[in-house]
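# An overview of the molecular structure
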Amino acid sequence: MASTGRPEETGERGRPTERGPLPDGFLFGVATAGFQVEGGFNGPGQPANNWLAWEQVGRVAPSGDAVDFWRRPEEALDRAAALGCDSFRFSVEWARVQPEPTGIDQAALDHYVAIAEACVDRDLTPLVTLHHFTHPQWLGEDLWLRPDAVARFEAWARVVVPALAPTVRHWVTLNEINVMGLMTYLLGAFPPGRLAGIDDTAVALDNLLAAHVRAYDVIHAERPDAVVTTNNSCMTVYEYDRMLLDVLLSRSMGVERRDLDGWIAERRRGHYDMLPTPGMGEALLRRVGRAVAPYGSSGRWGSVPRRALDAVEASPHERTLDVLGVDYYDPQASRHFRLPGHGTAGGRNPLPVRELWDDPPDPAGLTRWLGIQATLTPGLPLWVVENGLCNRLRNGRSFGRLDGWDRPRYLRANVAAVVDAVDAGVPVEGYWHWSLVDNYEWGSYEPRFGIHGVDRDRGGPGGTWLETDAMGRDAAGTYRSVIAGLRAGDRSVLQQD
Ligand code: IFM
């Protein structure tokens, strides 16, 4: 199995080192995504992506300059290095490199190579995402329903990977495949904003999984020692989380295609057996998930193409995940639904869903989740590819969280949860905090996730970075001391004040 750490740092997996409680080669990082930080999309003369129409008609806030990462990546990389991180995650934006159907913007591609090299110059292992929710506008909003979606994505990987592979060994193919499918076709939150498009969700998920497999193959052909993952956002409903990974892993687990549906049923049981007993809402969502799944169910969704399985079968690799990436926010599906009019930071929420800034932290849940994944896939290392806390900033006013949590407490508690998992023998090999800096949160600058806050009204394009986070807390100082302390074997840095 490929080692995920840098060669000089790699030791025995899951074994605490003499220097501290974490395995050798454990990566601490921060995670970002191009459209959220770069700026310079969807304006006149700028590369256009699938959010263009929504920005133009005012359905979402303009992404504008974001934090101007495209023009000054050094500031972000210096800040990540100053935290003591040894990894930095960024995405290569398809719309920037291929703004037109024909040809590529070589200067843009070279710029991404330069960013990867600038990471290495700072001892930051680059973790590169090939697709973080966006694609060129010319591919249409419904790219992931198109029969040629997988081939298109494979062609995109063939553009990026040869250019970056000499510098980049660690990859995320597609960010949060499950969220991409659900937000686009079920919940209407990503363009084209379809609600309850159950069949479309299934087709999109199938295409996204197949695209992952093809990209995995492209990356490994270019760089056999690559470490490749995709990072589902943890969700308790099996069909929208673990089932997708199980489809990818089925071949490596010796499951024949004809046996897949029965095996999926077993895996569903295994997944739910390890989760806390569901309340009524959760049980209902699980039933719905099961009824509409493209895999593991009978009859109704037989029309879904199952391209993912074809790709898994055709791959030269028995297993197309080198590490299991998890994004951990609030996995409990039923917790996302609330009665309209419920209280939220800064007012009342008229919608039947919980806002990001009200998502309840659950560090113990993170330890449990990591353990469950390791049990379901013994021997596969794990990365926490994203984990972060949101607060709201509205019209220049920053709101604290209703539950009183802040980022220093969250950072300590969640890293401690990862350390607990490692102590229990779970092979976690990296943690990337979302995010280094406040950024464009898919249609709005109100949700803030940054270790560094940004004053968007001061300074030039991209605003002014703050030393504190949006709540005025020293999140940077906390992460710095947590990383340095754990590397020195000092767990006291995880204690709450
Ligand atoms: O900002 C997003 C990111 O793009 C994907 N994962 C969740 C983050 C916070 O909502």
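Preceding this section is the structure that the text describes.
Residues numbered from 1 in each chain as written. Predicted model: local features only at pLDDT ≥ 70, side-chain atom pairs only at ≥ 80, totals over all residues. Heavy atoms only, no water.

### Quick look at the overall build of the protein chain
For the record, the criterion: Put simply, DSSP H or I for four residues or longer makes a helix, DSSP E for two residues or longer makes a strand, and each gets a number counted from the N terminus. Put simply, the radius of gyration uses C-alpha atoms, and a globule should come to 2.2 Å times the residue count raised to 0.38. The buried label applies to any residue whose accessible area, calculated with a 1.4 Å probe on protein chains only, is under 20% of its type's maximum; exposed applies above 50%, and partly exposed to all values in between. Under this rule, positive means Lys or Arg and negative means Asp or Glu; His and the chain ends count for nothing. Where a charge lies is defined by one atom per residue type: Lys uses NZ, Arg uses CZ, Asp uses CG and Glu uses CD.
A tally of regular secondary structure across the protein chain gives 15 helices and 15 strands. For 497 residues, the compact-globule formula gives about 23 Å, and the C-alpha radius of gyration of the protein chain, at 21 Å, lands near that figure. Its C-alpha atoms give the protein chain principal-axis dimensions of about 60 × 55 × 50 Å. Each of the 497 residues in the protein chain was classed as buried or not, and the buried ones make up 62%. In the protein chain, which carries 51 positive and 66 negative side-chain charges, the distance between the mean positions of the two groups comes to 5 Å.

### Concerning the side chain of S87
Here is the rule: Nitrogen and oxygen atoms within 3.5 Å of one another constitute a polar contact, given that in protein one can donate a hydrogen and the other can accept it, and given that sequence-neighbouring residues count only through two side-chain atoms. Between two residues, a contact is recorded if the distance between any of their heavy atoms is within 4.5 Å.
Here S87 is to be found in strand β2 (residues 87-91). Looking at S87, its side chain comes within polar contact range of the main-chain oxygen of T125, at 2.7 Å. Here the side chain of S87 touches W432 through a polar contact of 2.9 Å, side chain to side chain. Leave out the neighbours within four places in its chain, and S87 touches L27, F28, G29, V30, L124, T125, L127 and W432.

### A short note on a nonpolar patch on the surface
Rules: By definition, no residue in a patch forms a salt bridge, and every one has over 30% relative accessible area; like charges are joined within 9 Å, nonpolar side chains (Val, Leu, Ile, Met, Phe, Trp, Tyr) within 5 Å. Exposure was quantified through the Shrake-Rupley algorithm and a 1.4 Å probe, taking into account, for residues, occlusion by the shown protein chains and nothing else. Between Lys or Arg on one side and Asp or Glu on the other, a salt bridge is scored when a side-chain nitrogen of the former is within 4 Å of a carboxyl oxygen of the latter.
Together, F337, L351 and V353 make up an exposed nonpolar region whose accessible area comes to about 240 Å². Within the secondary structure layout, L351 lies in the loop between β8 (347-349) and α13 (363-376). L351 sits in the partly exposed class, given a relative accessible area of 44%.

### Examining the nonpolar core
Condition: The definition of a nonpolar core used throughout is a set of buried Ala, Val, Leu, Ile, Met, Phe, Trp, Tyr and Cys residues joined through side-chain atoms within 4.5 Å.
Judged by nonpolar contacts, the single largest core of 138 residues is most densely connected at L164 and W171. For this core, the leading source of residues is helix α8 (residues 198-222), giving 11 residues. Among the nonpolar cores identified, the runner-up in size contains 17 residues, and A33, V227, V323 and W357 belong to it.

### Quick notes on the packing of helix α6 (residues 149-164) against α8
The following threshold applies: Only the stretch in contact is used when a helix axis is fitted, and all axes are lines through C-alpha atoms; the angle between N-to-C directions ranges over 0 to 180 degrees. Roughly parallel means an angle under 35 degrees; roughly antiparallel means over 145; roughly perpendicular covers 65 to 115; every other angle is labelled oblique. Left-handed describes a crossing in which the near helix is turned anticlockwise from the far one by less than a right angle; the clockwise case is right-handed.
Packing of α6 against α8 brings their axes to within 9 Å, and their N-to-C directions diverge by 30 degrees. It follows from the interaxial angle that α6 and α8 lie roughly parallel. When you trace α6 past α8, the crossing you get is right-handed. Counting all contacts with α6, which are made through A149, V150, A151, F153, E154, A157, R158, V161 and P162, the residues of α8 involved are N207, A210, A211, R214, A215, V218, I219 and E222.

### Description of helix α12 (residues 307-314)
The α-helix winds at 3.6 residues per turn, so residues separated by three or four positions along the chain end up facing the same way. The cut-off we apply is this: Arc definition: directions from the helix axis to the C-beta atoms.
Those residues of α12 that fall on the buried side of the exposure criterion are A308, L309, A311 and V312. Buried residues along α12 cover an arc of 160 degrees about the axis, so they all sit on one side.

### Quick word on the pairing of strand β10 (residues 391-394)
Operational definition: Strand pairing follows a simple DSSP-based rule, namely that at least 2 bridges must link the two strands.
Across 2 bridges, the pairing between β10 and strand β13 (residues 447-448) is antiparallel. Directly across from N391, in β13, lies its bridge partner R448. In the sheet, β10 pairs with strand β11 (residues 397-399) via 3 bridges, with the strands oriented antiparallel. Paired with L393 across the two strands is S398, which belongs to β11.

### Remarks on the sheet that holds strand β3 (residues 125-131)
In spatial order, the strands read β1-β2-β3-β4-β5-β6-β9-β12; together these 8 strands close into a barrel with parallel pairing. The average angle at which neighbouring strand axes cross in this sheet is 25 degrees, direction not considered. Both strand β1 (residues 27-31) and β2 contribute to a ladder of 3 bridges, which runs parallel. Its bridge partner being in β2, V30 is matched across the sheet by F88. Helix α15 (residues 475-487) contacts β1 and β12 (428-433) of the sheet and is inclined by roughly 165 degrees relative to β1.

### Topic: the site of the ligand
So the rule is basically this: We call a residue near a molecule or strand when any one of its heavy atoms sits within 4 Å of it. We call Asp, Glu, Lys and Arg charged. Ala, Val, Leu, Ile, Met, Phe, Trp, Tyr, Cys and Pro are nonpolar, and the rest, Gly among them, are polar.
Close to the ligand lie Q36, H132, F133, N175, E176, Y329, E386, W434, E441, W442 and F449, which account for all nearby residues. E176 places a side-chain nitrogen or oxygen 2.7 Å from a nitrogen atom of the ligand. Here an oxygen atom of the ligand and a side-chain polar atom of E441 are 2.6 Å apart. Relative to its free-state accessible area of 280 Å², the ligand is covered by the protein chains to the extent of 94%. Class assignment for the residues of the shell around the ligand results in 5 nonpolar, 3 polar and 3 charged.

### Digging into the packing of aromatic side chains
Put simply, the rule is: Think of it this way: a Phe, Tyr or Trp ring, Trp meaning its six-membered ring, pairs with another when their centres are within 6.5 Å, and the plane angle makes it stacked under 30 degrees, edge-to-face over 60, tilted otherwise. Whether a charge sits over a ring depends on NZ of Lys or CZ of Arg being within 6 Å of the ring centre and within 35 degrees of the ring normal.
Within this structure, the stated rule accounts for 24 aromatic pairs. Between F69 and F88, the ring centres sit 6.0 Å apart and the planes meet at 25 degrees, which makes this aromatic pair stacked. Taken together, the residues span a long stretch of sequence, with F69 in the loop between α2 (52-56) and α3 (73-82) and F88 in strand β2 at a distance of 19 residues. The exposure class of F69 is buried, given its relative accessible area of 4%. A residue is classified by how much of its surface remains accessible, and F88, at 0% relative accessible area, is buried. Among the aromatic residues, those joined into a cluster by ring pairs are F35, F41, W51, W54, F133, F190, Y440, W442 and Y445. The side chain of R96 reaches across the aromatic face of F41, ending 4.4 Å from its centre. Positioned above the aromatic ring of W405 is the side chain of R409, whose terminal nitrogen or guanidinium carbon lies 3.6 Å from the ring centre.

### Description of the environment of R306
Along the polypeptide, R306 turns up in the loop between α11 (280-292) and α12. Placed 103 residues apart in sequence, R306 and V203 show a C-alpha to C-alpha distance of 8.1 Å. Not counting the four nearest positions on each side in its chain, R306 is found in contact with D206, R257, L260, D261, P294, Y295 and G296.

Bear in mind that shape data such as this cannot, by itself, settle questions of function.
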